[in-house]
Every structure is written in C-alpha cells, then in structure tokens.
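Descriptive analysis of the structure
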Amino acid sequence: MAEPHSRMIIAVDGPSGSGKSSVCRAAAAQLGADYLDTGAMYRAAAWYCLDQQVDLDDETAVAVAVEELPLHISTDPEHQTITVGQADVTSAIREPRISEVVSQVATNRPARSLLIDAQRRIIDDSGFIVAEGRDITTVVAPDAQVRVLLTASAEARLRRRGLQLSVESGAEQDEAALKRQVLERDRKDSAASNFTEAADGVAVLDSSELTFEETVDSLIGRVEALQEAA
Ligand code: DC
C-alpha cells in the first residue's frame, strides 16, 4: 500500500531573496522528498537563448528556442544539476548576465506556458516534491496539499541576497547593483505572476525575523501536520 505521504505536493512561492530555494531544498532533503527549482528552468531557458544568439525581444524566436530546449533538471535536493544538451549549466545560470535577462524569458507568454507544462510533468512524475517559484501555488500546482507564500521584508531580502552573492563571487556587492537586481527583477517578474500577495488558501510564511532553521522547520511542520492527519 502507498505511504500516506507518497503523493504530496508542497508548493512554495516567493520573491527574490526570500530564501525559498535554500529553505525548500533543505526541507525536501529532510522530508525525503524531491525538489524542483522552477526559477532554474527559466534561467536555463535564458542561458540557451543567449547561447543560440536568439534575440530576446523576439517573442516568437524565444518561444521556438524554449520549445526545442534540451533541458534536464535533477530533482535530488542534495545534488542539483541542470544540463542543456551536453552542457552542465548548473553554475552558469546563476551568473549576473543570466539574472539580468531572465525576466525577458519569464514574461514571454508562450515560453512560460511551455515551461509550466514541463514543470507539471516533473511534479506529476514525482508525486512527493517541494516545488518552488513564483506561480506554483496559483498556476502550476494550485491543487497542492501544502501551499505557502514565503515572504521577507525588503531589507531582509536585500541583506540575504547580498550575502549570497558575496559568497558566490567572493566580492562585496555594491548596494545599487544589489537593489537593481533584487527589487527591479521583482518588479519585472510581477508582470507575469503575482507572488506578493497570497491567493486564497495559500499560507503566508514571513521569514524576516526567523532564522534559516526556523523557516525550514515551519515549512516541514505544515507537511508533517498533514501527514499525521492523513
Ligand atoms: O527564483 P529565480 O531568481 O531563480 O528565478 C529566475 C527568474 O524566473 C526570475 O526572473 C523569476 C522567474 N520565475 C518565474 O517567473 N516563475 C517561476 N515559477 C519561477 C521563476
């Protein structure tokens, strides 16, 4: 007989710097669930468009590129690898040159719809998965058993993003560049999906005053409460 948790979808949305990727990855690892970073799929699509020299302003050309995108994304929370064809793009998709243009793919409706279909297939194939992004609770998996909007104040988000980028690049990030990356990208992204307000049935988890572990525990607590009730 199937385990009670064997089909549970945990959908988490949130803005840039809310900590959702690290929180969701840690929660998935502790729960023994799969993990899907949908933002990484938009980033991989942007990487491919740049690699193929596709004009990002050309909506049709971008959609065609996304249709043929030879993407593979692992769902192991402890070993995230993303490949496009033979290229391992796991690190490359985090580069600033991708962050600067990824919104152009994310706001391209046909490309978005193709990536949403791919995300739904990955979620269905897994059945026990923490999936995170901007529209998972509302569009990709509105029937998820756990639906959470992970938020944090603008100050907390800028602080965390700054720390993360400093660690990745080994350099201090200047404040204006950070602000542009975090807040400006949220503004652009919000044209494609609403991730600043919780939809009906979506619980808000505000991490501004929580430690990383407390935030992970809070998410896991919601899952375990449901598993116990099942
Ligand atoms: O979370 P992230 O910064 O890696 O996301 C990369 C981009 O993809 C960002 O511009 C937001 C967009 N995105 C989206 O529109 N919908 C999602 N479900 C996930 C990410």
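Everything below is about the structure shown above.
What you are looking at is a predicted structure, and each value in this text was computed from that prediction instead of being measured. (Residues numbered from 1 in each chain as written. Predicted model: local features only at pLDDT ≥ 70, side-chain atom pairs only at ≥ 80, totals over all residues. Heavy atoms only, no water.)

Here we look at the site of the ligand
Put simply, the rule is: Nearness of a residue to a molecule or strand requires only that one of the residue's heavy atoms be within 4 Å of it. Under the rule applied, a polar contact is a pair of N or O atoms within 3.5 Å (in protein, one hydrogen donor and one hydrogen acceptor; residues adjacent in sequence only if both atoms are side-chain atoms). The protein chains shown are the only cover counted for residues, whose accessible areas, like all others here, come from Shrake-Rupley with a 1.4 Å probe.
Of all residues adjacent to the ligand, which total 16 residues, the nearest are R43, R112, R134, D135 and D189. Here an oxygen atom of the ligand and a side-chain polar atom of R112 are 2.8 Å apart. Residue D135 places a side-chain N or O atom 2.8 Å away from a nitrogen atom belonging to the ligand. A total of 450 Å² of accessible area belongs to the ligand in isolation, and the protein chains cover 97% of it.

Focus on unusual backbone geometry
Under the convention used in this document: To qualify as a helix, a DSSP run of H or I must reach at least 4 residues; to qualify as a strand, a run of E must reach at least 2; elements of each kind are numbered from the N terminus. The buried label goes to any residue with under 20% of its type's maximum accessible area, the exposed label to any with over 50%, and the partly exposed label to all in between, with areas taken from a 1.4 Å probe on protein chains only.
Notably, Q53 is not glycine yet its phi reads approximately 55°, a positive angle. Along the chain, Q53 falls in the loop between α2 (38-51) and α3 (59-67). The exposed category is assigned to Q53, whose relative accessible area is 72%.

Some thoughts on a negative patch on the surface
What counts is decided by this rule: Patches here are clusters of residues that have more than 30% relative accessible area and form no salt bridge, with a 9 Å joining cutoff for like charges and a 5 Å cutoff for nonpolar side chains (Val, Leu, Ile, Met, Phe, Trp, Tyr). Salt bridges are defined by distance alone: a side-chain nitrogen of Lys or Arg within 4 Å of a carboxyl oxygen of Asp or Glu. Charge convention: Lys and Arg are scored as positive, Asp and Glu as negative, and His as well as the terminal groups of each chain are ignored. Lysine's charge is taken at NZ, arginine's at CZ, aspartate's at CG and glutamate's at CD.
On the surface, a cluster of negative charge is made up of E213, E214, D217, E224 and E228. Take E224: it is sitting in helix α10 (residues 212-229).

Any functional reading would require information beyond the geometric quantities listed.
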